[in-house]
Amino acid sequence: MYNYFKLVGKTAIVTGAGNGIGRGIAKVLAGLGVNVVACDIEKENVEDVVEEITSQGLFAVAVYCDVRKYEDIQNVIRTAVDTYGTVDILVNDAAGCGGGVTIDDITEEEWMRLIELNLNSVYRFTMSVLPLMRAKKSGKIVNISSGAGIVGDFSDPHYAAAKGGVIAFSKEIAHEVAKDHINVNCVAPGLVDTRMARIRPWEDEIADTLWHRVGQPEDIAYAVAYMASAASDYCTGQVLSPNGGAWMQ
(Lines give C-alpha, C1' and ligand atoms only; values in the text may rest on other atoms or scores of the structure.)
Protein backbone atom coordinates (compact mmCIF):
# COMPACT_ATOMS: atom_id res chain seq x y z
CA MET A 1 0.00 0.00 0.00
CA TYR A 2 1.40 3.39 -0.96
CA ASN A 3 2.04 5.56 2.08
CA TYR A 4 0.03 8.56 0.85
CA PHE A 5 -0.24 10.22 4.25
CA LYS A 6 3.32 9.38 5.32
CA LEU A 7 2.13 8.02 8.65
CA VAL A 8 3.88 4.66 8.56
CA GLY A 9 6.45 4.46 11.35
CA LYS A 10 5.30 7.65 13.09
CA THR A 11 4.63 7.53 16.83
CA ALA A 12 1.43 8.96 18.29
CA ILE A 13 0.25 9.45 21.85
CA VAL A 14 -3.55 9.20 22.06
CA THR A 15 -5.14 10.23 25.36
CA GLY A 16 -8.56 8.92 26.36
CA ALA A 17 -7.92 5.87 24.17
CA GLY A 18 -9.84 3.44 26.38
CA ASN A 19 -13.25 4.04 24.83
CA GLY A 20 -15.31 6.13 22.43
CA ILE A 21 -13.59 8.52 20.05
CA GLY A 22 -10.13 7.92 21.54
CA ARG A 23 -10.48 4.17 20.99
CA GLY A 24 -11.47 4.79 17.39
CA ILE A 25 -8.51 7.12 16.86
CA ALA A 26 -6.03 4.63 18.30
CA LYS A 27 -7.32 1.84 16.05
CA VAL A 28 -7.42 3.93 12.87
CA LEU A 29 -3.93 5.38 13.38
CA ALA A 30 -2.50 1.93 14.12
CA GLY A 31 -4.14 0.62 10.96
CA LEU A 32 -2.35 3.34 9.00
CA GLY A 33 1.03 2.18 10.28
CA VAL A 34 1.42 4.44 13.31
CA ASN A 35 3.06 3.25 16.53
CA VAL A 36 0.34 4.09 19.05
CA VAL A 37 0.92 4.91 22.70
CA ALA A 38 -2.62 4.56 24.03
CA CYS A 39 -3.27 6.05 27.45
CA ASP A 40 -6.31 6.29 29.67
CA ILE A 41 -7.31 6.44 33.32
CA GLU A 42 -9.34 3.25 32.69
CA LYS A 43 -6.43 0.82 32.64
CA GLU A 44 -8.31 -2.33 31.66
CA ASN A 45 -10.12 -0.60 28.80
CA VAL A 46 -6.96 0.79 27.25
CA GLU A 47 -5.22 -2.57 27.61
CA ASP A 48 -8.14 -4.17 25.73
CA VAL A 49 -7.73 -1.64 22.91
CA VAL A 50 -4.03 -2.35 22.63
CA GLU A 51 -4.62 -6.11 22.64
CA GLU A 52 -7.09 -5.66 19.79
CA ILE A 53 -4.54 -3.61 17.84
CA THR A 54 -1.53 -5.85 18.43
CA SER A 55 -3.52 -9.02 17.64
CA GLN A 56 -3.64 -7.70 14.07
CA GLY A 57 0.15 -7.43 13.90
CA LEU A 58 0.06 -3.66 14.44
CA PHE A 59 2.02 -1.63 16.98
CA ALA A 60 0.67 -0.18 20.24
CA VAL A 61 1.40 -0.02 23.95
CA ALA A 62 -0.98 0.81 26.80
CA VAL A 63 -0.14 3.23 29.60
CA TYR A 64 -2.24 4.27 32.59
CA CYS A 65 -2.62 8.05 32.71
CA ASP A 66 -4.59 10.58 34.68
CA VAL A 67 -4.24 13.61 32.41
CA ARG A 68 -4.65 15.90 35.41
CA LYS A 69 -1.26 14.77 36.78
CA TYR A 70 2.09 15.85 35.37
CA GLU A 71 3.83 12.73 36.68
CA ASP A 72 1.48 10.48 34.70
CA ILE A 73 1.95 12.58 31.56
CA GLN A 74 5.72 12.38 31.89
CA ASN A 75 5.48 8.60 32.27
CA VAL A 76 3.48 8.35 29.03
CA ILE A 77 6.06 10.42 27.15
CA ARG A 78 8.90 8.37 28.63
CA THR A 79 7.19 5.17 27.52
CA ALA A 80 6.78 6.53 23.98
CA VAL A 81 10.44 7.53 23.74
CA ASP A 82 11.74 4.32 25.34
CA THR A 83 9.55 2.12 23.12
CA TYR A 84 9.55 3.94 19.78
CA GLY A 85 12.27 6.58 20.05
CA THR A 86 10.25 9.80 19.83
CA VAL A 87 6.81 11.42 19.71
CA ASP A 88 5.64 12.66 16.31
CA ILE A 89 1.92 13.11 17.01
CA LEU A 90 -0.09 14.06 20.07
CA VAL A 91 -3.86 13.60 20.09
CA ASN A 92 -5.50 15.19 23.14
CA ASP A 93 -8.81 13.35 23.36
CA ALA A 94 -9.30 12.64 27.09
CA ALA A 95 -12.46 14.38 28.31
CA GLY A 96 -15.52 14.20 30.50
CA CYS A 97 -19.00 15.69 30.46
CA GLY A 98 -21.19 17.29 33.10
CA GLY A 99 -24.20 15.01 32.94
CA GLY A 100 -26.60 17.56 31.49
CA VAL A 101 -26.60 20.26 34.17
CA THR A 102 -27.62 23.85 33.45
CA ILE A 103 -26.02 27.07 34.61
CA ASP A 104 -28.52 27.41 37.47
CA ASP A 105 -27.53 24.04 38.94
CA ILE A 106 -23.78 24.09 38.40
CA THR A 107 -21.44 24.51 41.36
CA GLU A 108 -18.04 26.14 41.22
CA GLU A 109 -16.48 22.81 42.13
CA GLU A 110 -18.25 21.13 39.20
CA TRP A 111 -17.27 24.00 36.88
CA MET A 112 -13.61 23.62 37.81
CA ARG A 113 -13.75 19.83 37.46
CA LEU A 114 -14.52 20.02 33.75
CA ILE A 115 -12.16 22.91 33.08
CA GLU A 116 -9.41 20.85 34.70
CA LEU A 117 -10.23 17.66 32.82
CA ASN A 118 -11.12 19.08 29.39
CA LEU A 119 -8.94 22.17 29.06
CA ASN A 120 -6.09 22.18 31.56
CA SER A 121 -5.16 18.62 30.57
CA VAL A 122 -4.68 19.75 26.97
CA TYR A 123 -2.35 22.50 28.17
CA ARG A 124 -0.36 20.08 30.34
CA PHE A 125 0.14 17.41 27.69
CA THR A 126 0.91 19.93 24.96
CA MET A 127 3.53 21.74 27.03
CA SER A 128 5.09 18.43 28.04
CA VAL A 129 5.43 17.19 24.45
CA LEU A 130 6.53 20.45 22.83
CA PRO A 131 10.22 20.22 23.87
CA LEU A 132 10.57 16.91 21.99
CA MET A 133 8.88 18.28 18.88
CA ARG A 134 10.80 21.55 18.98
CA ALA A 135 14.11 19.71 19.23
CA LYS A 136 13.45 17.86 15.98
CA LYS A 137 11.60 20.76 14.30
CA SER A 138 8.48 18.75 13.48
CA GLY A 139 5.29 17.50 15.06
CA LYS A 140 1.52 17.29 14.81
CA ILE A 141 -0.80 18.17 17.68
CA VAL A 142 -4.50 17.41 17.22
CA ASN A 143 -6.81 18.58 19.99
CA ILE A 144 -10.31 17.16 20.21
CA SER A 145 -12.81 19.92 20.89
CA SER A 146 -16.57 19.65 20.34
CA GLY A 147 -19.43 21.25 18.51
CA ALA A 148 -20.41 22.54 21.95
CA GLY A 149 -17.29 24.70 21.85
CA ILE A 150 -18.43 26.29 18.57
CA VAL A 151 -22.22 26.54 18.65
CA GLY A 152 -23.04 25.77 22.29
CA ASP A 153 -25.31 23.00 23.52
CA PHE A 154 -28.49 22.37 25.49
CA SER A 155 -26.70 22.08 28.83
CA ASP A 156 -23.26 21.69 30.45
CA PRO A 157 -21.97 25.25 29.96
CA HIS A 158 -18.72 24.30 31.67
CA TYR A 159 -18.15 21.62 29.03
CA ALA A 160 -18.82 24.14 26.25
CA ALA A 161 -16.50 26.67 27.88
CA ALA A 162 -13.68 24.14 28.17
CA LYS A 163 -14.08 22.92 24.60
CA GLY A 164 -14.22 26.49 23.30
CA GLY A 165 -11.04 27.10 25.25
CA VAL A 166 -9.38 24.15 23.53
CA ILE A 167 -10.05 25.80 20.16
CA ALA A 168 -8.70 29.18 21.27
CA PHE A 169 -5.64 27.60 22.89
CA SER A 170 -4.92 25.58 19.74
CA LYS A 171 -5.11 28.64 17.49
CA GLU A 172 -2.80 30.69 19.70
CA ILE A 173 -0.24 27.91 20.14
CA ALA A 174 -0.31 27.28 16.38
CA HIS A 175 1.06 30.82 15.93
CA GLU A 176 3.84 30.29 18.45
CA VAL A 177 5.16 26.93 17.25
CA ALA A 178 4.88 27.41 13.48
CA LYS A 179 8.54 28.45 13.41
CA ASP A 180 9.36 24.98 14.71
CA HIS A 181 7.34 23.29 11.93
CA ILE A 182 4.74 22.02 14.40
CA ASN A 183 1.11 21.94 13.28
CA VAL A 184 -1.63 22.45 15.86
CA ASN A 185 -5.22 21.82 14.81
CA CYS A 186 -8.60 20.90 16.27
CA VAL A 187 -11.24 18.37 15.41
CA ALA A 188 -14.63 19.41 16.80
CA PRO A 189 -17.15 16.58 16.40
CA GLY A 190 -20.90 16.79 16.37
CA LEU A 191 -23.01 14.03 17.94
CA VAL A 192 -21.04 10.77 18.12
CA ASP A 193 -22.13 7.38 19.45
CA THR A 194 -20.05 7.18 22.62
CA ARG A 195 -20.65 6.28 26.24
CA MET A 196 -20.48 9.97 27.13
CA ALA A 197 -23.14 10.90 24.57
CA ARG A 198 -25.62 8.24 25.65
CA ILE A 199 -26.81 10.21 28.65
CA ARG A 200 -29.54 11.86 26.54
CA PRO A 201 -31.93 10.98 23.66
CA TRP A 202 -30.62 11.48 20.13
CA GLU A 203 -33.75 11.52 17.98
CA ASP A 204 -34.10 15.30 17.56
CA GLU A 205 -30.39 15.83 16.99
CA ILE A 206 -30.20 13.07 14.37
CA ALA A 207 -33.16 14.63 12.55
CA ASP A 208 -31.17 17.88 12.28
CA THR A 209 -28.23 16.27 10.49
CA LEU A 210 -28.17 16.02 6.70
CA TRP A 211 -26.94 12.43 6.98
CA HIS A 212 -29.74 11.51 9.44
CA ARG A 213 -27.51 9.31 11.55
CA VAL A 214 -25.36 9.56 14.62
CA GLY A 215 -21.62 9.78 14.00
CA GLN A 216 -19.35 6.87 14.80
CA PRO A 217 -15.91 7.12 16.45
CA GLU A 218 -14.30 6.14 13.16
CA ASP A 219 -15.86 9.18 11.45
CA ILE A 220 -13.87 11.37 13.82
CA ALA A 221 -10.78 9.18 13.70
CA TYR A 222 -10.44 9.63 9.94
CA ALA A 223 -10.50 13.42 10.37
CA VAL A 224 -7.81 13.10 13.06
CA ALA A 225 -5.72 10.89 10.76
CA TYR A 226 -5.77 13.64 8.14
CA MET A 227 -4.73 16.31 10.65
CA ALA A 228 -1.98 14.03 12.01
CA SER A 229 -0.57 13.26 8.58
CA ALA A 230 1.66 14.90 6.02
CA ALA A 231 -1.48 15.58 3.96
CA SER A 232 -2.29 18.44 6.36
CA ASP A 233 1.15 20.08 6.36
CA TYR A 234 -0.35 23.33 5.07
CA CYS A 235 -3.05 23.38 7.78
CA THR A 236 -2.48 24.88 11.21
CA GLY A 237 -4.75 26.66 13.65
CA GLN A 238 -7.76 25.12 11.90
CA VAL A 239 -10.95 23.48 13.17
CA LEU A 240 -12.39 20.51 11.30
CA SER A 241 -15.95 19.61 12.30
CA PRO A 242 -17.29 16.19 11.26
CA ASN A 243 -20.96 16.61 12.22
CA GLY A 244 -23.14 15.12 9.47
CA GLY A 245 -24.22 18.58 8.36
CA ALA A 246 -25.76 19.52 11.71
CA TRP A 247 -24.10 22.92 11.34
CA MET A 248 -21.80 24.50 8.78
CA GLN A 249 -18.92 26.88 9.33
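Scope of this entry: the structure provided in the associated data block. Computed from a predicted structure; not experimentally measured.

**So, the side chain of Thr11**
- By the element assignment, Thr11 lies in strand E1 (residues 11–15).
- What makes Thr11 buried here is its relative accessible area of 1%.
- A polar contact is formed between the side chain of Thr11 and the side chain of Asn35, at a distance of 3.5 Å.
- Once residues lying within four places of it in the same chain are set aside, the contact partners of Thr11 are Val34, Asn35, Val37, Ala80, Tyr84, Thr86, Val87, Asp88 and Ile89.

**Some remarks on helix H8 (residues 217–228)**
- With twelve residues, H8 extends 16 Å between its outermost C-alpha atoms, agreeing within 8% with the 16 Å of an ideal straight helix rising 1.5 Å per residue.
- Taken together, the buried positions of H8 are occupied by Pro217, Ile220, Ala221, Ala223, Val224, Ala225, Met227 and Ala228.
- In this fold, the buried residues of H8 make contact with helix H1 (20–31), strand E4 (89–92), strand E5 (139–144), strand E6 (182–187) and strand E7 (239–240).

**Describing the pattern of salt bridges**
- For the structure on display, the rule yields eleven salt bridges.
- A salt bridge links Glu47 to Lys43, with the shortest nitrogen-to-oxygen separation between them at 2.6 Å. Of this pair, Glu47 and Lys43 are both found in helix H2 (residues 43–54), four residues apart, which corresponds to roughly one turn of the helix.
- Close ionic contact of Asp219 with Arg213 constitutes a salt bridge, the shortest N to O distance being 2.9 Å.
- Given a relative accessible area of 28%, Asp219 falls into the partly exposed group.
- Residue classification places Arg213 among the partly exposed positions, given a relative accessible area of 40%.
- Among the ionic contacts, a cluster of salt bridges with common partners joins Arg23, Lys27 and Glu52.

**Structural notes on a nonpolar patch on the surface**
- Taken together, the side chains of Tyr70, Tyr123 and Met127 make up a nonpolar region of the molecular surface, amounting to roughly 290 Å² of accessible area.
- Relative to the helices and strands, Met127 resides in helix H4 (residues 108–136).

**With respect to unusual backbone geometry**
- In this structure, Lys6 is a non-glycine residue whose phi angle is positive, near 55°.
- For Lys6, the position within the fold is in the segment before E1.
- Classification of Lys6 as exposed rests on a relative accessible area of 54%.
- Although it is not a glycine, Lys137 sits at a positive phi angle of roughly 55°.
- Given the relative accessible area of 43%, Lys137 is considered partly exposed.

**Brief notes about the side chain of Asn92**
- Structurally, Asn92 can be placed in strand E4.
- Residue class for Asn92 comes out buried when judged on its relative accessible area of 4%.
- With near-sequence residues (within four places) excluded, Asn92 lies in contact with Thr15, Ser121, Val122, Phe125, Thr126, Ile141, Val142, Asn143 and Ile144.

Cut-off values and rules
- Residues numbered from 1 in each chain as written.
- Predicted model: local features only at pLDDT ≥ 70, side-chain atom pairs only at ≥ 80, totals over all residues.
- Heavy atoms only, no water.
- Helix = DSSP H or I, 4+ residues; strand = E, 2+ residues; numbered from the N terminus.
- Buried < 20%, exposed > 50% of the residue type's maximum accessible area, 1.4 Å probe, protein only.
- Polar contact = N/O pair within 3.5 Å; in protein donor to acceptor, adjacent residues only side chain to side chain.
- Contact = heavy atoms within 4.5 Å.
- Expected span 1.5 Å × (residues − 1).
- Salt bridge = Lys/Arg side-chain N within 4 Å of Asp/Glu carboxyl O.
- Patch = residues over 30% accessible without salt bridge, like charges linked within 9 Å, V, L, I, M, F, W, Y side chains within 5 Å.
- Areas by Shrake-Rupley, 256 points an atom, 1.4 Å probe, with all protein chains shown as cover.

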